[in-house]
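Residues per chain, in single letters:
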Amino acid sequence: MGSRGTQPRSQNGRSGGADRADQSMGAQEQDSRLWGPSPSAAPPLGPMTVMGQSVLLHDRRGSLKILHRDENMDTSLGMEIDSRWEQSWYRPPAPPCAWARGRIGPVLQARAQWVTRHLPPCRFSASNLSQRRDSSHSTPIQRALRALSIPLERLHVMKGHMMQDMCKGLSRQTHAEAKVRMLPTYICSTPNGTEKGNFLVVELCQNQVRTLLVTLYGDGNLSPQMMYKIYDLPEGITQGEGEALFDFIAQCVVQFLAETTSSDTNGAEQYLPLGFVFPFTCLQTQLDKAELLSWSKGFNCSGVVGKDVVQLLQAAIDKRAKPDKEEAEGSGAGSWLWKGRKSSQSAPSQLRRVEVVALMNDTVGTMMTCSLEGRACEVAVVADKGSNCCFMAEAYLVEMTEETSGRMCVNTEWGCFGDDGTLNDLFTSYDQSVDEESSNPGEKRFEKMVGTLYLGEIVRHVLIALTAEKAIFAGTSAAVLKEKGVFTMQHLLEIANNEDGSTEVKRILEALGLQPSERDCGRVQQICRAVLGRAATLHATGLAAILSYMCQTRDMESLMVSVGVEGELFTGYPRFEEILLSVSRLLSPECMATILASRDGSGRGAAMVTAVALRLAAQRRAVDEVLAPLRLSRDDLVKVQALMREEMDRGLDKETNASASVRMLPTYVNHTPDGTEKGDFLALDLGGTNFRVLVVRITEDGITMASEIYVIPVEIMQGTGEELFDHIIDCIIDFQTKQNLVTQMLPLGFTFSFPCKQVGLDKALLLTWTKGFSASGCVGQDVVQLLRDAAKRKRHLGMQVVALVNDTVGTMMACGYDDPKCEIGLIVGTGTNACYMEEMKNVGTAEGDQGRMCINMEWGAFGDNGCLDHLFTHFDKVVDESTINPGKQRFEKLISGMYLGEIVRQILLVMTEKELLFQSKPCPKLQTKDIFKTKFLSTIELNGLALRQIRAILNELEIDASFEDSVLMKEVCQTVSLRAAQLCAAGLAAVVEKMRENRGVEQLDVTVGVDGTLYKLHPCFSKNLQTALKDLAPKCNVTFMLSEDGSGKGAALVAAVADRAANAME
């Protein structure tokens, strides 16, 4: 095997690339640059831009003209385009951005299709493109240059087609038919500058294998140390057996480590992670698992297509290893390699374990190597022998994977774009000839128009055609041009970049065996520049499609992004960067790209991919360790369900009720609505500084309501009981007067949201005031009687209090009117509670054993007796200790909205301390109690919410969150809310299973009336609750119905049902 030198990796020789990328230039300055096929001055028509061989002329009236330059320019070929199209084309009418998974694809496809249907008004269209190319009034040179030029509106159409194909590639349903494959790479982060360690890289090149050892120091990746060696591939190996190819690569790894790594005198074991750069189309299902789909670039090894190339390389390395048998058996993944000086048997050896941890292509490496500390690079373009692009897409749009959070790098594999015929009108006869001579005719047509492997061949076929028409090399032999490969990319670049007259061009052509005239030299140079300009323009169009897609899927008005670029066309053609920027800006004016010159994307970049993979793996282990106590197994939930059932039975039993954590209070509501209720009913909803008075009219046509809100002054809240209830009666009189109901005696349902001991449907003793109330003479008294006494004092006879209820019972009753099967009420909001219809024979705390009674469970206190201590995490304990009632309402503190945000805050504090968040930067605002509201959980967990919006939420809290921080914070919120939903489901499973057993049925059909902001507004809570409930209670078919005004409408319905029952008894 031949090797060529071992030395530190030198920097890219491209002059000024990295520095120029950091210099910003206004759009007007960029548009004012002159690019053309010749250095001659432009006519004084205004700012000018060239695409391929087309010159954009913005005259002083604002219209846009495209002219084609030639020494015999035909001015009739100009065309005018409305400049308003240039500014507005990318915002066609479209439906609002739909962020549900799978919806954004159709929206973007619709926009892309809109572009293809709404071309800008102009005198020149794609339909007459071939006619103009074949014009009999043009010279052969003009026709050739015109064939290689692309009108602006055709670039817009191409961009639209590419965006449409990108959406197809991302969709699970249409992925197979897409030409832009959009392959997931499973790379979900870019470097943050903290990566450090030694990383091995193996790159399979066109004719070589390159091995590198890269050391990163955690300094922002500014000064990595690299050692590398290049090994020539043996002749014929690219067409032989796959096993031989991978054995050779493994042999290169072994020899490289033996020659370049120092010996460890202590014999310490070292782990070497390896990144494998494999520049062929693969179906990647994990970062370290990828099946080869097809060979290209002259490779055709047998036994590899359809196989996992990572496993093939690992197996080859394992075969080359010389492990100690006992150590090898217990080493796990990877192989142990003994490394030392081959010339000295006595030299100390070093034990290394080599494991292939990541596979990528050179495009991904390019993006990674351009991501430095404080400057993320999210797009990469490789303009080399092949052409490709990758970018960071929203993960939930990549339907071929299960990942839905954050972003994932997508390898577009755009080289196949156009294989379905969408580029047929741009595919010239020269391109057709190159395609037919290739090893894969009809495939990778876009790549064959832009890849440096083919550009020299395109020029050769143009020259052959012009020679045949006697436009060049007249009277001399040009037979050498018939030899495939004679005109190389190097010849093309040297001719196109020459600015010193025809002498150098003539020398190059003569060296090929041609005899050019000075005129021939000028025309060949024009052709070379046209081919290079077209390739750059097509790259820019593809980039514009990527940028617009990113901007739209992130729901941004404008996008600023760094684009890493690498490849022979980029480094060899000085005008490539200018064309890439200006044309992409023309096509995507909403996007501003900064070009960054990549420094060895396939080497250093591959090491960074590997380093990031290891950093994320270590972070994942640490995150899992923090969140593990909050992640409940099915066994955990089954145990909670059993404990809830046990506490329910204790609460129903008269002997054990006092010691039960679930109080199971009788409500004396014995019936649910049956649809026969009729009449007008009053409802009074008292639960805070404001209270409501309602009139509910029930007829055969349904329910209508009117209500008014009244304020209770602080002096009355904290005065005497008589003053408080007199004020309430005054408000009821005012309301009835306004509603013309003052002369009627109406039944009233009273929702009283303070702790009470209910001893009858219309009798309840106040246990204590809360929520700022402290009216004297009320505690221990029957609040219904206090209200009746106030009515007597006011001589108000227009109402009759028939029932006192809490909001949970009201919720059940409100839904029960619409669904007779509703026999459970559930509140999951600021607090949580449940009620259900229990068999009277089981209610030991109330008289009677016939029929049923609604039981107010007061399950928020479940666990106060210590039965849930095994579920309480460190975070829960800290939150509990900081409340006004430590040790009380412990189940509620795991579930309800009042506490979830505070639990999340405690987790974030621990993660920050462990350097898992915010890059260990202090977050003083996060130290503030209750600063992280539960509403933030609901917002952050919205499916498809752009990560920039999550960062905006965190910025409100003065938290400087990175992209990765936003992803991790979303995971924390999801973990906390999922646990809450699962615990709620476990409690509800105990209820429905008890009801099923009570009634002796195999399958129970029941409806749950539910209310509360957490259930209603959180995007995932209801789904997670229902999923867990179905798993825990498979014999119960549970339907959930959202309640409408349980504390108002529900209280009136309790009164209506009580009135119906009283009338039935009479």
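Peer 1: I'm lost on the pattern of salt bridges in this one. Help?
Peer 2: Where charged atoms from two side chains of opposite charge approach closely, those side chains can pair. What the rule picks out here adds up to 54 salt bridges. Residue Glu-469 pairs with Arg-143 through a salt bridge whose shortest N-O separation is 2.9 Å. Of this pair, Glu-469 sits in the loop between helix H14 (452-468) and helix H15 (489-497) while Arg-143 sits in helix H6 (residues 140-147), and the two are 326 residues apart along the sequence. With relative accessibility at 41%, the residue Glu-469 sits in the partly exposed group. Among the ionic pairs, Glu-499 bridges to Arg-575, the shortest N-O distance being 3.6 Å. With a gap of 76 residues between them, Glu-499 in the loop between H15 and helix H16 (503-511) and Arg-575 in the loop between helix H18 (568-572) and helix H19 (576-587) connect regions that are remote in the sequence. Judged by relative accessible area, Arg-575 falls into the buried class, the value being 18%.

Peer 1: What exactly am I supposed to notice about unusual backbone geometry here?
Peer 2: One non-glycine residue with positive phi stands out, namely Glu-413, at about 50°. Inspection of the secondary structure puts Glu-413 in the loop between strand S17 (407-411) and helix H12 (429-437). Backbone geometry at Asp-555 places phi at a positive 55°, although glycine is not the residue there. By the element assignment, Asp-555 lies in the loop between helix H17 (518-553) and strand S18 (559-566).

Peer 1: Please clarify how the packing of H6 against H17 should be interpreted in this entry.
Peer 2: Each packed pair of helices is defined by two parameters, the angle between the axes and the distance between the axes. Running from N to C, H6 and H17 point in directions that differ by 15°, and their axes come no closer than 9 Å. Considering the angle they form, H6 stands roughly parallel to H17. Where H6 crosses over H17, the two elements pack in a sense that is left-handed. Only Arg-523, Gln-526, Ile-527 and Ala-530 of H17 make contact with H6, whose side of the interface consists of Ile-141, Ala-144 and Leu-145. Residues that form the contact of H6 with H17 fall into these classes: five nonpolar, one polar and one charged.

Peer 1: I would appreciate a short explanation of helix H31 (residues 963-999) in the present structure.
Peer 2: Owing to its 3.6 residues per turn, the α-helix aligns residues three or four sequence positions apart on the same side. Given a rise of 1.5 Å per residue, 37 residues ought to cover 54 Å, and the 54 Å separating the end C-alpha atoms of H31 matches this to within 8%. For H31, the buried fraction is high: 31 of the 37 residues fall into the buried class. Just beyond H31, the residue with positive phi is Gly-1000, at close to 65°.

Thresholds, definitions, all that
Residues numbered from 1 in each chain as written. Predicted model: local features only at pLDDT ≥ 70, side-chain atom pairs only at ≥ 80, totals over all residues. Heavy atoms only, no water. Salt bridge = Lys/Arg side-chain N within 4 Å of Asp/Glu carboxyl O. Helix = DSSP H or I, 4+ residues; strand = E, 2+ residues; numbered from the N terminus. Buried < 20%, exposed > 50% of the residue type's maximum accessible area, 1.4 Å probe, protein only. Axes fitted to C-alpha atoms, helices over the stretch in contact; angles between N-to-C directions. Parallel < 35°, antiparallel > 145°, perpendicular 65-115°, else oblique. Left-handed = near helix turned anticlockwise from the far one by under 90°. Contact = heavy atoms within 4.5 Å. Nonpolar A, V, L, I, M, F, W, Y, C, P; charged D, E, K, R; others polar. Expected span 1.5 Å × (residues − 1).

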